[in-house]
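Observations on chain architecture
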Amino acid sequence: MLVSLSDRSYQIEIGSATGDGSLGRAGVILSSLPQTVTHCVVLTDDNVQRLGYARTVAESLAQSGIDAAILIVAAGEQSKTIETANSLWTALVDEDVDRQSVLVAVGGGVIGDLGGFVASTFLRGIRFFQVPTTLLAQVDSSVGGKVGINLPSAKNSVGAFYQPVAVLIDTSTLATLDDDQFACGLGEVAKYAVSLDESLWRLLETDAAKVLAREPSTLGTIVNACCRIKADIVSRDERETTGLRALLNFGHTFAHAFETHSEYKVLHGQAVAVGSVLATRLAVRLGLVDNAMLERVIELHKSLRLPVKPSDLPQLPKWDAGTIIKLMSRDKKVENGRLKFVLPTSAGKCELTEVGDIDEVKRILEE
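Calculation rules
- Residues numbered from 1 in each chain as written.
- Predicted model: local features only at pLDDT ≥ 70, side-chain atom pairs only at ≥ 80, totals over all residues.
- Heavy atoms only, no water.
- Helix = DSSP H or I, 4+ residues; strand = E, 2+ residues; numbered from the N terminus.
- Axes fitted to C-alpha atoms, helices over the stretch in contact; angles between N-to-C directions.
- Parallel < 35°, antiparallel > 145°, perpendicular 65-115°, else oblique.
- Left-handed = near helix turned anticlockwise from the far one by under 90°.
- Contact = heavy atoms within 4.5 Å.
- Nonpolar A, V, L, I, M, F, W, Y, C, P; charged D, E, K, R; others polar.
- Buried < 20%, exposed > 50% of the residue type's maximum accessible area, 1.4 Å probe, protein only.
- Pairing = 2+ DSSP bridges.
- Disulfide = S-S within 2.5 Å.
- Phe/Tyr/Trp six-rings, centres within 6.5 Å; stacked < 30°, edge-to-face > 60°.
- Lys NZ or Arg CZ within 6 Å of the ring centre and 35° of its normal.
- Core = buried A, V, L, I, M, F, W, Y, C linked by side-chain atoms within 4.5 Å.
- Salt bridge = Lys/Arg side-chain N within 4 Å of Asp/Glu carboxyl O.

1. Quick notes on unusual backbone geometry
Negative phi values dominate among residues other than glycine, just as trans dominates among peptide bonds. Although it is not a glycine, aspartate 96 adopts a positive phi angle of roughly 60°. You will see that leucine 123, though not glycine, has its phi angle at about 55°, which is positive. Among the secondary structure elements, leucine 123 is positioned in the loop between α5 (109-121) and β6 (127-132).

See below:
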């Protein structure tokens, strides 16, 4: 699958342990790049390291004649900081990384975002290769080149658009995810379905039991569908200049505020699930969709065992609407102090909408 971006185009390869997209193909993929690769640094977290995925990738690189060192950070959103980035820049110096080296990000969305940010800034930019191992990273964050770190008061507010040289997805890694991390990915999958692809929505409704059972062929179909949607949108609006790419942020304005308020203890995909329901409620209040649409959205999320209201997020501290709205004002879609939300207009379709009446948002939060 191609992400078409002129000289920054790259392939997304999707497979399983017995297919063409296995982790063991990392060396073959990097060896096939136009510029020779002889040195890599593999970045992972301590959870993924215990599962052996980074080691498998490093061994694949070695088999292709590519030297590879492994760097490990703590798992979780708390690692997406300038302090962690600084420690990694120093580590790259110690590993003699030069402009021909490649940083290989093996892990979930945090590793991809952090690794991409470090790669984009070290020596004014070295190549990086995405090897996502979580459902959330496979369907969303590994594709499109958004990289960055968090500030204590705002998520993903420091970063860049920096495309990988390739994305390698091995769906067999999904079997080892814990239930919370799997649910995180499903929150993003449901986002795609409700806002951008009704056929995916119908598949999820029909095969929810297979999804929850992590049936390999069903998960493969879902990952392919989400990657195709994102690859198409990114190819047409890489840097979010036309408003098209912003549509990928359905549910995220609410979600990022909840994550920030919880000091990133609320998991991203679960926050997105709640945010998607709240965005649909807002769309009902604005007359964009009807209550039947809202009920369908809620039922989809419940069928996937996803949270549908803020009180379903146990990691979310006590909050009030004013606090959440203030955090929303730091959202990247805000223009001239006015909040913008991605809202559904029908099943599988959405639009970026400016909401001038903040009281409507407050009512949604307080319902």
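2. Overview of the packing of helix α7 (residues 179-196) against helix α8 (residues 198-206)
Here α7 crosses α8 at 130°, and the two axes come no closer than 6 Å. Considering the angle they form, α7 stands oblique to α8. Of the two elements, α7 crosses α8, and the hand of that crossing is left-handed. Across from Val189, Ala190, Tyr192, Ala193, Val194 and Leu196 in α7, the residues of α8 making contact are Glu198, Leu200, Trp201 and Leu204. In terms of residue class, the contact of α7 with α8 is built from 9 nonpolar, no polar and 1 charged.

3. Concerning the environment of alanine 85
Structurally, alanine 85 can be placed in helix α4 (residues 82-94). A residue is classified by how much of its surface remains accessible, and alanine 85, at 0% relative accessible area, is buried. A C-alpha to C-alpha distance of 9.9 Å links alanine 85 and phenylalanine 122, two positions 37 residues apart in sequence. Leave out the neighbours within four places in its chain, and alanine 85 touches Leu114, Phe117 and Val118.

4. Notes on the pairing of strand β10 (residues 340-346)
Across the 7 residues of β10, 5 count as buried, placing the element largely inside the fold. In this structure, the hairpin formed by β10 and strand β11 (residues 349-354) is closed by a connection of 2 residues, where glycine 348 is found at a positive phi of approximately 80°.

5. Notes on the state of the cysteines
Evaluated as defined, the whole model comprises 0 disulfides. Summary of cysteine pairing: cysteine 227 is not part of a disulfide, and the nearest cysteine sulfur, belonging to cysteine 226, is at 7.1 Å. Since its relative accessible area comes to 0%, cysteine 227 is described here as buried.

6. Here we look at the packing of aromatic side chains
Tallied over the full model, the rule gives 4 aromatic pairs. Ring geometry for phenylalanine 254 versus phenylalanine 341: centroids 5.3 Å apart, planes at 40°, classification tilted. One end of the pair, phenylalanine 254, is in helix α11 (residues 252-261); the other, phenylalanine 341, is in strand β10, and 87 residues separate them in sequence. Taken individually, phenylalanine 254 and phenylalanine 341 each receive the classification buried, so the pair is uniform in this respect. Ring geometry for phenylalanine 258 against tryptophan 319: centres 5.8 Å apart, planes inclined by 65°, an arrangement best described as edge-to-face. Of this pair, phenylalanine 258 sits in helix α11 while tryptophan 319 sits in the loop between α13 (291-303) and α14 (321-328), placing them 61 residues apart in sequence. Residue class for phenylalanine 258 comes out buried when judged on its relative accessible area of 0%. One cation-aromatic arrangement involves arginine 296 over tryptophan 201; the distance from NZ or CZ to the ring centre is 4.0 Å.

7. What about the nonpolar core?
Formed by 76 residues in total, the largest nonpolar core has its most connected members in Phe254 and Leu365. Excluding residues within four positions of it along the chain, leucine 365 makes contact with Phe254, Phe258, Leu278, Trp319, Ala321, Ile324, Ile325 and Met328.

8. A word on the packing of α7 against helix α12 (residues 268-285)
Interaxial distance between α7 and α12 falls to 7 Å at its minimum, and their mutual angle equals 40°. Judged by the inter-axis angle, α7 sits oblique to α12. Pair α7 / α12 crosses with left-handed handedness. Contacts from Asp180, Ala183, Cys184, Gly187, Glu188 and Lys191 in α7 reach His268, Gly269, Gln270, Val272, Ala273 and Ser276 in α12.

9. Some words on the pattern of salt bridges
Counted under the stated rule, the structure contains 23 salt bridges. The partner of aspartate 140 in a salt bridge is lysine 191, with the nearest N and O atoms 3.1 Å apart. Placement of aspartate 140 in helix α6 (residues 135-141) and of lysine 191 in helix α7 is noted, with a sequence separation of 51 residues between them. Its relative accessible area of 0% is what places lysine 191 among the buried residues.

Purely spatial values, then, with no claim about function.
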